[in-house]
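Structure assessment
Each chain, letter by letter, is given below.
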Amino acid sequence: QKEVEQDPGPLSVPEGAIVSLNCTYSNSAFQYFMWYRQYSRKGPELLMYTYSSGNKEDGRFTAQVDKSSKYISLFIRDSQPSDSATYLCANTGGFKTIFGAGTRLFVKA
Amino acid sequence: GAVVSQHPSWVICKSGTSVKIECRSLDFQATTMFWYRQFPKQSLMLMATSNEGSKATYEQGVEKDKFLINHASLTLSTLTVTSAHPEDSSFYICSALYHRQPSYEQYFGPGTRLTVT
């Protein structure tokens, strides 16, 4: 079992849709959770991070952590074509970060 | 978010030559930096973790004599690919860690595309 599992997609949605991206993790000792967005041929951009469990909202993005089920989610409201990218979840504790494989998202105009 | 720069953004070199890639943390002092490698449509593969003033810690399977990492200051880390071969062609990305409780934020550079001919 991979330490962070993420469906690679691709996920295709119409503009304006609510997007739900999900990951599961296995190491319950890692308390930090992050979501990155990566455009083609660019470095990943940190979107959000959360510590421990709960929700965090930033504009159209909401990150959610459910420690009981070891499930992390990123919701994108009112999705835009510019949101088309690969989204990577990550779980970290101390100085080791485990990344998911990334989900490719396409938002159609 | 914080800014991490990488130079060069792309480089083409001949087989057998060495290439140096610089990674700079512009907004904060990073005691820890990471170097990743990424193949097309694949996730990030951690190559090594470098801490300022000490030797880098390499992941299993990564040749430390081939991928030389130097973290000479709190804002600069370098990766040198020695005696490069075509199979070293890849996208190399560095990352700087900002860790102040409760924040744990890892910022990435824009990446360097290396092509070895």
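In what follows, the structure referred to is the one given above.
The structure displayed is predicted, hence computed values, not measured ones.

Description of the environment of Glu63(B)
If you trace the backbone, Glu63(B) turns up in the loop between β6 (57-58) and β7 (67-73). Between the alpha carbons of Glu63(B) and Glu52(B) there is a distance of 20 Å; along the sequence they are 11 residues apart.

Looking at the packing of aromatic side chains
One pass over the structure, following the stated rule, counts 11 aromatic pairs over all chains. Taking 5.6 Å as the distance between ring centres and 90° as the angle between the ring planes, the aromatic pair formed by Phe99(A) and Tyr36(B) counts as edge-to-face. Here Phe99(A) is found in strand β10 (residues 96-99), whereas its partner Tyr36(B) is found in strand β4 (residues 32-38) on a different chain. In this structure Phe99(A) comes out as buried when scored by relative accessible area, which is 11%. Owing to a relative accessible area of 1%, Tyr36(B) belongs among the buried residues under this scheme. With centroids separated by 5.8 Å and ring planes inclined at 65°, the aromatic side chains of Phe99(A) and Phe108(B) adopt a geometry described as edge-to-face. Of this pair, Phe99(A) sits in strand β10 while Phe108(B) is found in strand β10 (residues 103-108), placing the two residues in two different chains. In textbook terms, an aromatic cluster arises when at least three aromatic residues are bridged by ring pairs, as seen for Tyr36(A), Phe99(A), Phe34(B), Tyr36(B) and Phe108(B).

Notes on the layout of surface pockets
Put simply, the largest pocket is a space of about 590 Å³. Lining the largest pocket are 24 residues, with Ser40(A), Thr86(A), Pro40(B), Lys41(B) and Gln42(B) positioned closest to its centre. Contributing elements (two or more residues each) for the lining of the largest pocket: β9 (85-93) and β11 (103-108) of chain A. Within the lining of the largest pocket, the residues separate by chemical class into 11 nonpolar, nine polar and four charged.

Focus on the interface of chain B and chain A
The interface of chain B with chain A comprises 23 residues on the first partner and 21 residues on the second. A buried area of about 1,800 Å², summed over both sides, lies between chain B and chain A, and 56% of it is on carbon and sulfur atoms. The largest contributions to the chain B side of the interface with chain A come from Ser43(B), Tyr104(B) and Phe108(B), which together make up 30% of the buried area. In this structure, the connection of chain B to chain A is made through zero salt bridges. Counting the contacts that link chain B with chain A gives six residue pairs in polar contact (both at pLDDT 80 or more). Every element with two or more residues in the side of chain B that touches chain A is listed here: β4, β9 (90-100) and β10 of chain B. Per-element accounting of the side of chain B that touches chain A gives the leading share, six residues, to β10(B). Partitioned by chemical class, the residues of the side of chain B that touches chain A number 11 nonpolar, eight polar and four charged.

Conventions adopted
Residues numbered from 1 in each chain as written. Chains lettered and ligands numbered in written order. Predicted model: local features only at pLDDT ≥ 70, side-chain atom pairs only at ≥ 80, totals over all residues. Heavy atoms only, no water. Helix = DSSP H or I, 4+ residues; strand = E, 2+ residues; numbered from the N terminus. Phe/Tyr/Trp six-rings, centres within 6.5 Å; stacked < 30°, edge-to-face > 60°. Buried < 20%, exposed > 50% of the residue type's maximum accessible area, 1.4 Å probe, protein only. 1 Å grid on protein atoms, 1.4 Å probe; cavity = no way out; pocket = protein on both sides within 12 Å on 5 of 7 lines; lining within 4 Å. Points joined across faces, edges and corners; volume = space filled by probe spheres on them. Nonpolar A, V, L, I, M, F, W, Y, C, P; charged D, E, K, R; others polar. Contact = heavy atoms within 4.5 Å. Buried area = accessible area lost by both parts, 1.4 Å probe. Salt bridge = Lys/Arg side-chain N within 4 Å of Asp/Glu carboxyl O. Polar contact = N/O pair within 3.5 Å; in protein donor to acceptor, adjacent residues only side chain to side chain.

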